[in-house]
Amino acid sequence: MSRDPLLDDDAYEPEQLVLSDLVNRVLDKGVVISSQITISIADVDLIHLDLRVLISAVASLERRAAANAPRADVPVRADSQR
Amino acid sequence: MPTYLYGLILSDSADRVPRDVRGIGAGVVRVLTGRVLSAVVGTVDAAPERATLELVTTHDAVLQAVVNAGITTAAARFRQTFADDDDARRHVEEHGERIARVLQEYAGCVEMRVLLRDTDPLAAGVAVPSAARISGPGQAYLEQVRAQHARVTHLALAPMLGPMIQAERVSMLPDDRGVVFAHLVKRDRVPGYRDAIQGHPALAHATVVGPLALYSFAEPEP
(Lines give C-alpha, C1' and ligand atoms only; values in the text may rest on other atoms or scores of the structure.)
Protein backbone atom coordinates (compact mmCIF):
# COMPACT_ATOMS: atom_id res chain seq x y z
CA MET A 1 0.00 0.00 0.00
CA SER A 2 1.45 3.38 -0.93
CA ARG A 3 1.58 6.13 1.65
CA ASP A 4 -0.46 9.29 1.35
CA PRO A 5 1.71 12.15 0.10
CA LEU A 6 -0.27 14.54 2.33
CA LEU A 7 1.01 12.74 5.39
CA ASP A 8 4.16 11.35 3.90
CA ASP A 9 6.81 13.86 4.81
CA ASP A 10 8.74 15.19 7.71
CA ALA A 11 5.72 17.29 8.63
CA TYR A 12 3.98 14.28 10.15
CA GLU A 13 3.75 16.24 13.34
CA PRO A 14 2.88 15.03 16.82
CA GLU A 15 -0.70 16.31 16.46
CA GLN A 16 -1.20 14.15 13.38
CA LEU A 17 0.36 11.16 15.09
CA VAL A 18 -1.98 11.68 18.06
CA LEU A 19 -5.03 11.86 15.76
CA SER A 20 -3.97 8.78 13.86
CA ASP A 21 -3.53 6.89 17.13
CA LEU A 22 -6.91 8.12 18.38
CA VAL A 23 -8.69 6.82 15.26
CA ASN A 24 -6.92 3.49 15.38
CA ARG A 25 -7.46 2.82 19.06
CA VAL A 26 -11.18 3.76 19.03
CA LEU A 27 -11.83 1.61 15.93
CA ASP A 28 -9.54 -1.27 16.76
CA LYS A 29 -9.19 -1.57 20.55
CA GLY A 30 -11.52 -1.93 23.48
CA VAL A 31 -14.13 -4.35 24.71
CA VAL A 32 -16.45 -6.06 22.24
CA ILE A 33 -19.70 -7.39 23.67
CA SER A 34 -21.90 -7.07 20.60
CA SER A 35 -21.67 -9.66 17.86
CA GLN A 36 -22.97 -7.13 15.36
CA ILE A 37 -20.01 -4.80 15.45
CA THR A 38 -18.45 -4.43 12.04
CA ILE A 39 -15.94 -1.87 10.97
CA SER A 40 -15.41 -2.40 7.28
CA ILE A 41 -12.30 -1.55 5.34
CA ALA A 42 -14.38 1.18 3.68
CA ASP A 43 -14.97 2.73 7.10
CA VAL A 44 -11.31 2.79 7.91
CA ASP A 45 -10.54 4.26 4.49
CA LEU A 46 -13.27 6.87 4.90
CA ILE A 47 -12.14 7.94 8.33
CA HIS A 48 -8.58 8.24 7.12
CA LEU A 49 -9.96 10.38 4.32
CA ASP A 50 -11.65 12.55 7.00
CA LEU A 51 -8.34 12.72 8.78
CA ARG A 52 -6.52 13.80 5.63
CA VAL A 53 -9.14 16.48 4.93
CA LEU A 54 -8.84 17.76 8.50
CA ILE A 55 -5.07 17.85 8.43
CA SER A 56 -5.14 19.52 5.05
CA ALA A 57 -7.64 22.11 6.34
CA VAL A 58 -5.52 22.82 9.41
CA ALA A 59 -2.43 23.20 7.25
CA SER A 60 -4.30 25.65 4.96
CA LEU A 61 -5.55 27.65 7.94
CA GLU A 62 -2.05 27.84 9.36
CA ARG A 63 -0.67 28.99 6.02
CA ARG A 64 -3.43 31.60 5.72
CA ALA A 65 -2.88 32.78 9.29
CA ALA A 66 0.85 33.10 8.64
CA ALA A 67 0.20 35.04 5.43
CA ASN A 68 -2.21 37.42 7.20
CA ALA A 69 -0.09 37.91 10.29
CA PRO A 70 1.12 41.50 10.72
CA ARG A 71 4.71 41.85 9.63
CA ALA A 72 7.09 42.74 12.39
CA ASP A 73 8.63 45.49 10.28
CA VAL A 74 5.30 47.25 9.62
CA PRO A 75 4.23 49.52 12.48
CA VAL A 76 0.64 49.02 13.59
CA ARG A 77 -1.28 52.09 14.76
CA ALA A 78 -3.04 51.81 18.09
CA ASP A 79 -6.37 52.84 16.52
CA SER A 80 -6.12 50.37 13.64
CA GLN A 81 -8.05 47.70 15.50
CA ARG A 82 -11.37 49.55 14.97
CA MET B 1 -34.49 4.31 21.07
CA PRO B 2 -31.10 2.59 20.59
CA THR B 3 -28.55 2.55 23.38
CA TYR B 4 -24.93 3.27 22.52
CA LEU B 5 -22.12 1.80 24.64
CA TYR B 6 -19.03 3.89 25.48
CA GLY B 7 -17.39 1.80 28.15
CA LEU B 8 -17.65 -0.39 31.22
CA ILE B 9 -16.81 0.33 34.85
CA LEU B 10 -17.13 -1.45 38.16
CA SER B 11 -20.48 -0.68 39.77
CA ASP B 12 -18.90 0.71 42.92
CA SER B 13 -17.71 3.67 40.81
CA ALA B 14 -21.05 4.28 39.07
CA ASP B 15 -22.11 7.24 41.20
CA ARG B 16 -18.88 9.09 40.37
CA VAL B 17 -19.59 9.27 36.62
CA PRO B 18 -20.11 12.95 35.74
CA ARG B 19 -23.74 13.84 35.00
CA ASP B 20 -23.16 16.62 32.52
CA VAL B 21 -21.35 14.78 29.72
CA ARG B 22 -22.84 14.80 26.22
CA GLY B 23 -22.05 12.02 23.81
CA ILE B 24 -22.90 11.07 20.23
CA GLY B 25 -25.86 13.05 18.89
CA ALA B 26 -25.54 15.33 21.94
CA GLY B 27 -27.27 12.66 24.04
CA VAL B 28 -26.68 12.81 27.79
CA VAL B 29 -24.32 10.12 29.02
CA ARG B 30 -25.75 7.90 31.76
CA VAL B 31 -24.95 4.68 33.60
CA LEU B 32 -26.77 1.34 33.41
CA THR B 33 -25.93 -0.09 36.81
CA GLY B 34 -25.47 -3.82 37.17
CA ARG B 35 -24.53 -6.02 40.11
CA VAL B 36 -20.75 -5.90 39.54
CA LEU B 37 -20.33 -4.18 36.21
CA SER B 38 -22.00 -1.00 34.94
CA ALA B 39 -22.20 0.35 31.42
CA VAL B 40 -21.56 3.96 30.41
CA VAL B 41 -24.12 4.58 27.68
CA GLY B 42 -26.10 7.19 25.80
CA THR B 43 -29.27 7.22 23.74
CA VAL B 44 -28.84 7.71 20.01
CA ASP B 45 -31.33 8.14 17.16
CA ALA B 46 -29.73 5.24 15.32
CA ALA B 47 -26.53 3.22 15.27
CA PRO B 48 -23.79 5.25 13.57
CA GLU B 49 -23.83 4.19 9.93
CA ARG B 50 -20.12 4.68 9.54
CA ALA B 51 -17.14 5.94 11.44
CA THR B 52 -16.39 9.63 11.14
CA LEU B 53 -13.71 11.64 12.83
CA GLU B 54 -16.34 13.56 14.80
CA LEU B 55 -18.00 10.38 16.11
CA VAL B 56 -14.70 8.76 16.99
CA THR B 57 -13.56 11.91 18.81
CA THR B 58 -16.85 12.11 20.72
CA HIS B 59 -16.63 8.45 21.74
CA ASP B 60 -13.14 9.04 23.13
CA ALA B 61 -14.14 12.32 24.83
CA VAL B 62 -16.92 10.59 26.80
CA LEU B 63 -14.44 8.01 28.07
CA GLN B 64 -11.97 10.77 28.90
CA ALA B 65 -14.57 12.49 31.09
CA VAL B 66 -15.10 9.25 33.02
CA VAL B 67 -11.36 8.66 33.42
CA ASN B 68 -10.89 12.27 34.57
CA ALA B 69 -13.37 11.53 37.35
CA GLY B 70 -10.84 9.02 38.69
CA ILE B 71 -12.63 5.88 37.47
CA THR B 72 -10.85 2.87 35.97
CA THR B 73 -12.69 2.39 32.69
CA ALA B 74 -12.68 -0.32 30.05
CA ALA B 75 -13.24 1.37 26.70
CA ALA B 76 -15.83 -0.21 24.44
CA ARG B 77 -14.93 -0.51 20.80
CA PHE B 78 -16.64 2.07 18.59
CA ARG B 79 -20.16 1.57 17.24
CA GLN B 80 -21.66 -0.95 19.66
CA THR B 81 -25.33 -0.08 19.69
CA PHE B 82 -28.22 -2.07 21.21
CA ALA B 83 -31.97 -2.01 20.62
CA ASP B 84 -32.60 -0.47 24.05
CA ASP B 85 -31.27 -0.42 27.64
CA ASP B 86 -32.55 -3.94 28.38
CA ASP B 87 -30.75 -5.33 25.35
CA ALA B 88 -27.54 -3.55 26.41
CA ARG B 89 -27.87 -4.91 29.97
CA ARG B 90 -28.32 -8.44 28.59
CA HIS B 91 -25.11 -8.20 26.59
CA VAL B 92 -23.18 -6.72 29.53
CA GLU B 93 -24.39 -9.56 31.78
CA GLU B 94 -23.48 -12.15 29.16
CA HIS B 95 -19.92 -10.93 28.60
CA GLY B 96 -19.37 -9.02 31.82
CA GLU B 97 -17.51 -11.57 33.89
CA ARG B 98 -14.22 -11.36 32.02
CA ILE B 99 -14.34 -7.56 31.87
CA ALA B 100 -15.15 -7.31 35.59
CA ARG B 101 -12.12 -9.50 36.32
CA VAL B 102 -9.88 -7.21 34.24
CA LEU B 103 -11.24 -4.08 35.95
CA GLN B 104 -10.79 -5.60 39.41
CA GLU B 105 -7.23 -6.63 38.57
CA TYR B 106 -6.38 -3.21 37.08
CA ALA B 107 -8.22 -1.08 39.65
CA GLY B 108 -6.55 2.32 39.98
CA CYS B 109 -4.78 2.02 36.61
CA VAL B 110 -4.96 4.08 33.45
CA GLU B 111 -3.60 3.49 29.97
CA MET B 112 -0.70 5.66 28.82
CA ARG B 113 0.51 5.60 25.24
CA VAL B 114 3.92 6.51 23.85
CA LEU B 115 3.82 7.37 20.16
CA LEU B 116 6.95 7.22 18.05
CA ARG B 117 7.13 8.21 14.40
CA ASP B 118 8.72 5.68 12.10
CA THR B 119 11.65 8.06 11.73
CA ASP B 120 12.42 8.17 15.45
CA PRO B 121 15.65 6.33 16.35
CA LEU B 122 14.09 3.67 18.53
CA ALA B 123 11.36 2.83 16.00
CA ALA B 124 13.63 2.99 12.98
CA GLY B 125 16.62 1.23 14.46
CA VAL B 126 15.22 -2.25 14.57
CA ALA B 127 16.68 -4.45 11.88
CA VAL B 128 14.28 -7.03 10.54
CA PRO B 129 15.57 -10.00 8.56
CA SER B 130 13.84 -10.04 5.19
CA ALA B 131 12.48 -13.03 3.32
CA ALA B 132 14.91 -14.59 0.84
CA ARG B 133 12.77 -14.13 -2.27
CA ILE B 134 9.35 -12.58 -2.96
CA SER B 135 7.53 -14.17 -5.85
CA GLY B 136 4.25 -12.23 -6.06
CA PRO B 137 1.92 -9.64 -4.53
CA GLY B 138 0.41 -12.16 -2.10
CA GLN B 139 3.78 -13.07 -0.73
CA ALA B 140 4.78 -9.41 -0.66
CA TYR B 141 1.76 -8.60 1.52
CA LEU B 142 2.46 -11.50 3.86
CA GLU B 143 6.09 -10.43 4.03
CA GLN B 144 4.99 -6.90 4.97
CA VAL B 145 2.78 -8.28 7.77
CA ARG B 146 5.59 -10.54 8.94
CA ALA B 147 8.10 -7.68 8.93
CA GLN B 148 5.72 -5.47 10.95
CA HIS B 149 5.21 -8.25 13.46
CA ALA B 150 8.93 -8.84 13.68
CA ARG B 151 9.61 -5.15 14.32
CA VAL B 152 6.97 -4.97 17.03
CA THR B 153 8.19 -8.07 18.82
CA HIS B 154 11.69 -6.57 18.95
CA LEU B 155 10.49 -3.37 20.57
CA ALA B 156 9.89 -2.87 24.26
CA LEU B 157 10.17 -0.03 26.73
CA ALA B 158 9.23 -2.25 29.66
CA PRO B 159 12.85 -3.05 30.67
CA MET B 160 13.57 0.67 30.90
CA LEU B 161 10.39 1.53 32.81
CA GLY B 162 10.58 -1.40 35.21
CA PRO B 163 7.99 -1.49 38.00
CA MET B 164 6.60 1.88 36.90
CA ILE B 165 4.29 -0.01 34.54
CA GLN B 166 2.09 -3.04 35.12
CA ALA B 167 2.03 -4.22 31.50
CA GLU B 168 3.02 -3.23 27.97
CA ARG B 169 1.53 -3.88 24.55
CA VAL B 170 3.19 -2.74 21.35
CA SER B 171 1.51 -2.14 18.01
CA MET B 172 2.13 -0.28 14.80
CA LEU B 173 0.04 2.42 13.21
CA PRO B 174 -1.22 1.62 9.69
CA ASP B 175 1.20 2.07 6.82
CA ASP B 176 4.16 1.92 9.18
CA ARG B 177 3.53 5.50 10.27
CA GLY B 178 4.71 4.89 13.77
CA VAL B 179 4.92 2.64 16.78
CA VAL B 180 2.57 2.76 19.76
CA PHE B 181 3.58 1.50 23.20
CA ALA B 182 0.51 1.08 25.40
CA HIS B 183 1.28 0.95 29.11
CA LEU B 184 -0.84 0.11 32.08
CA VAL B 185 0.12 2.57 34.80
CA LYS B 186 -1.13 3.21 38.34
CA ARG B 187 -2.56 6.73 38.49
CA ASP B 188 -0.19 7.88 41.19
CA ARG B 189 2.79 6.77 39.09
CA VAL B 190 1.83 8.79 35.99
CA PRO B 191 4.06 11.82 36.81
CA GLY B 192 7.11 9.59 37.34
CA TYR B 193 6.26 7.66 34.19
CA ARG B 194 6.15 10.88 32.16
CA ASP B 195 9.49 12.00 33.60
CA ALA B 196 11.08 8.64 32.75
CA ILE B 197 9.86 8.78 29.14
CA GLN B 198 10.80 12.41 28.61
CA GLY B 199 14.21 11.95 30.23
CA HIS B 200 15.25 9.07 27.97
CA PRO B 201 17.50 10.21 25.09
CA ALA B 202 15.99 7.75 22.57
CA LEU B 203 12.51 9.05 23.37
CA ALA B 204 13.26 12.75 23.03
CA HIS B 205 10.70 13.13 20.24
CA ALA B 206 8.12 10.70 21.60
CA THR B 207 4.58 11.90 22.21
CA VAL B 208 2.97 10.73 25.44
CA VAL B 209 -0.83 10.43 25.46
CA GLY B 210 -2.95 9.80 28.54
CA PRO B 211 -4.23 9.06 31.10
CA LEU B 212 -6.81 7.19 29.02
CA ALA B 213 -9.47 4.55 29.46
CA LEU B 214 -8.16 1.02 29.06
CA TYR B 215 -8.23 0.41 25.31
CA SER B 216 -5.37 -2.05 24.80
CA PHE B 217 -5.88 -3.60 28.24
CA ALA B 218 -9.67 -3.82 28.27
CA GLU B 219 -9.63 -7.50 27.38
CA PRO B 220 -7.55 -10.22 29.01
CA GLU B 221 -4.22 -10.98 27.33
CA PRO B 222 -4.93 -13.05 24.20
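Bear in mind the structure is a predicted one, so any value in this text is a computation, not a measurement.

Novice: Got a minute to help me understand the environment of Asp21(A) in this structure?
Specialist: By the element assignment, Asp21(A) lies in helix 1 (residues 14-28). Once residues lying within four places of it in the same chain are set aside, the contact partners of Asp21(A) are Arg113(B), Leu115(B), Leu173(B), Val180(B) and Val209(B).

Novice: I would appreciate a short explanation of helix 1 (residues 53-68) of chain B in the present structure.
Specialist: Residues that lie three or four places apart on an α-helix share one face, since the helix turns once every 3.6 residues. Residues and elements named next belong to chain B. Compared with an ideal rise of 1.5 Å per residue, which puts 16 residues at 22 Å, helix 1 spans 22 Å between its outermost C-alpha atoms and is within 8% of the ideal. Within the sequence span of helix 1, burial applies to Leu55, Val56, Thr58, His59, Asp60, Val62, Leu63, Ala65, Val66 and Val67. With its phi angle positive at about 85°, Gly70 sits one or two positions after the end of helix 1.

Novice: What exactly am I supposed to notice about the interface of chain B and chain A here?
Specialist: Interface extent is often summarised as the accessible area lost during association of the parts. Each partner contributes to the interface: chain B provides 35 residues, whereas chain A provides 28 residues. For the side of chain B that touches chain A, the elements supplying multiple residues, two or more each, are helix 1, strand 4 (74-75), helix 2 (85-105), strand 6 (109-117), strand 8 (178-186) and strand 9 (207-212) of chain B. By residue class, the composition of the side of chain B that touches chain A is 18 nonpolar, eight polar and nine charged.

Novice: I would appreciate a short explanation of helix 1 of chain A in the present structure.
Specialist: Helix length check: helix 1 of chain A, at 15 residues, gives a terminal C-alpha distance of 20 Å against a target of 21 Å (1.5 Å per residue), a fit within 8%. Buried within helix 1 of chain A we find Gln16(A), Leu17(A), Ser20(A), Asp21(A), Leu22(A), Val23(A), Asn24(A), Arg25(A) and Val26(A).

What counts and how
Residues numbered from 1 in each chain as written. Chains lettered and ligands numbered in written order. Predicted model: local features only at pLDDT ≥ 70, side-chain atom pairs only at ≥ 80, totals over all residues. Helix = DSSP H or I, 4+ residues; strand = E, 2+ residues; numbered from the N terminus. Contact = placed C-beta atoms within 7 Å. Expected span 1.5 Å × (residues − 1). Buried ≥ 20, exposed ≤ 12 C-beta atoms within 10 Å, placed from the backbone. Nonpolar A, V, L, I, M, F, W, Y, C, P; charged D, E, K, R; others polar.

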